[in-house]
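# Observations on chain architecture
Read off the chains here:
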Amino acid sequence: GAGVSQTPSNKVTEKGKYVELRCDPISGHTALYWYRQSLGQGPEFLIYFQGTGAADDSGLPNDRFFAVRPEGSVSTLKIQRTERGDSAVYLCASSSGANTGELFFGEGSRLTVL
Amino acid sequence: AQRVTQPEKLLSVFKGAPVELKCNYSYSGSPELFWYVQYSRQRLQLLLRHISRESIKGFTADLNKGETSFHLKKPFAQEEDSAMYYCALGRYSNTGKLIFGQGTTLQVKP
């Protein structure tokens, strides 16, 4: 596709359930980022991949959150034992390198935890 | 602590009026500053970055290190400028790891 693709666009789940959010970056982009945006706030950094490895996961709020990018392309953000406070829009972005300064964002996955 | 502050949640102006969206930052190193924009029903996208020193859609922003500000300006607002604007701070070593402000909604009235 032409842009960053995220699925699902909407996810409603119950407290305590497990959730996976998928990101398909722009072809050829080596850097991939996950951000979380709560209502009324700007996006907050979660994790950054350069290739297959997580180069910086300092933004993950706790060990319930985990992300992978096994082949250096598609990434999955995994949230275990979801809590109501996890409700937010999860944004994925990619860029051609860590220092380009321009991130290309997906439309986001809106997660609602009941 | 690294922080970006956008003091206005909403800025409402009439078409043709000048616009200034304020952004202040706190960072001890050499900052990289960006403005991102999200139009209605569209994804977040880069508007401009301070290092480029360019004008995009009539908008400019000058980094003022003395005042730690990076205000976004346009001399004559257009209705199509109505959107949510985010100021963001990055580090030279990884400009994709951004700290965003809370955003300012710009409403341009006809």
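Attention in this report is confined to the structure presented alongside it. Everything numeric here is computed off the predicted structure, so don't read it as measured data.

What chain B contains, in helices and strands, is zero helices and eleven strands. Scanning chain B from its N terminus toward the C terminus, one meets helices and strands in the order β-β-β-β-β-β-β-β-β-β-β. Dimensions of chain B, computed from the C-alpha atoms along their principal axes, are close to 40 × 30 × 25 Å. Looking at chain B alone, contacts between residues at least 24 apart form 59% of all its contacts between residues at least 6 apart. Total accessible area on chain B stands at roughly 5,600 Å², and carbon and sulfur atoms take up 49% of it. Here chain B carries 15 positive and 9 negative side-chain charges, and the mean point of each set is 7 Å from the other.

Another aspect to go through is the interface of chain A and chain B. When the parts of a complex come together, some accessible area is lost, and that lost area is often used as the size of the interface. Each partner contributes residues to the interface: chain A has 22 residues there, and chain B has 19 residues. Our count for the chain A to chain B interface comes out at three salt bridges. Where K97 of chain B meets D56 of chain A, a salt bridge forms, and the shortest distance between an N and an O atom there is 2.8 Å. The tally of links between chain A and chain B comes to nine residue pairs in polar contact (both at pLDDT 80 or more). Those elements that place two or more of their residues in the side of chain A that touches chain B are strand 4 (31–37) and strand 5 (44–50) of chain A. It is strand 4 of chain A that provides the largest number of residues to the side of chain A that touches chain B, a total of three residues. Of the residues that constitute the side of chain A that touches chain B, the class distribution is nine nonpolar, ten polar and three charged.

So, on to the pattern of salt bridges. One pass over the structure, following the stated rule, counts eight salt bridges over all chains. Measuring nitrogen to oxygen at the nearest pair gives 3.5 Å for the salt bridge that ties E102 of chain A to R49 of chain B. Residue E102 of chain A is located in the loop between strand 9 (88–95) and strand 10 (104–105), and its partner R49 of chain B is located in strand 6 (residues 45–49); the two belong to separate chains. Assessed through its relative accessible area of 25%, E102 of chain A is described here as partly exposed. Looking at R49 of chain B, the relative accessible area reads 19%, which means it is buried. Where salt bridges share partners, they join R64, E83 and D86 of chain A into one cluster.

Ranked by size, the top nonpolar core spans 24 residues in total, and within it W35, L47, L48, F70, L72 and Y85 of chain B carry the most contacts. Breaking this core down by element, the ones donating at least two residues are strand 2 (10–14), strand 3 (19–21), strand 5 (31–38), strand 6, strand 9 (83–91) and strand 11 (104–109) of chain B. In terms of residue count, strand 9 of chain B provides more of this core than any other element does, four residues in total. Dropping the residues within four chain positions of it, L48 of chain B is found in contact with F34, W35, E54, I56, F59, T60, A61, F70 and L72 of chain B. Ranked by size, the runner-up nonpolar core spans 20 residues in total, among them W34, L60, F65 and L111 of chain A.

On to the sheet that holds strand 3 (residues 19–24) of chain A. Residues and elements named next belong to chain A. In spatial order, the strands read 1-3-8-7; together these four strands make up an open sheet with antiparallel pairing. Looking at the sheet topology across the chains shown, the edges are occupied by strand 1 (5–7) and strand 7 (65–68). Looking at each pair of strands side by side, their axes are set apart by 15 degrees on average, direction ignored. Taken together, the four bridges between strand 7 and strand 8 (residues 75–79) define a ladder with antiparallel strand orientation. Residue V68 lies in a different strand from strand 8, and its bridge partner there is T76.

All names here are of chain B. If you walk across this open sheet you meet the three strands as 3-8-7, and the pairing is antiparallel. Sheet topology places strand 3 and strand 7 (60–61) at the edges, where each strand pairs with a single neighbour. As judged from the three bridges shared by strand 3 and strand 8 (residues 72–74), these two strands associate in the antiparallel manner. Pairing of V19 across the sheet is with K74, part of strand 8.

Basis of the calculations
- Residues numbered from 1 in each chain as written.
- Chains lettered and ligands numbered in written order.
- Predicted model: local features only at pLDDT ≥ 70, side-chain atom pairs only at ≥ 80, totals over all residues.
- Heavy atoms only, no water.
- Helix = DSSP H or I, 4+ residues; strand = E, 2+ residues; numbered from the N terminus.
- Contact = heavy atoms within 4.5 Å.
- Areas by Shrake-Rupley, 256 points an atom, 1.4 Å probe, with all protein chains shown as cover.
- Lys, Arg positive; Asp, Glu negative; His and termini not counted.
- Charge placed at Lys NZ, Arg CZ, Asp CG, Glu CD.
- Salt bridge = Lys/Arg side-chain N within 4 Å of Asp/Glu carboxyl O.
- Polar contact = N/O pair within 3.5 Å; in protein donor to acceptor, adjacent residues only side chain to side chain.
- Nonpolar A, V, L, I, M, F, W, Y, C, P; charged D, E, K, R; others polar.
- Buried < 20%, exposed > 50% of the residue type's maximum accessible area, 1.4 Å probe, protein only.
- Core = buried A, V, L, I, M, F, W, Y, C linked by side-chain atoms within 4.5 Å.
- Pairing = 2+ DSSP bridges.
- Axes fitted to C-alpha atoms, helices over the stretch in contact; angles between N-to-C directions.

Everything listed is a geometric property; what it means functionally is a separate question.
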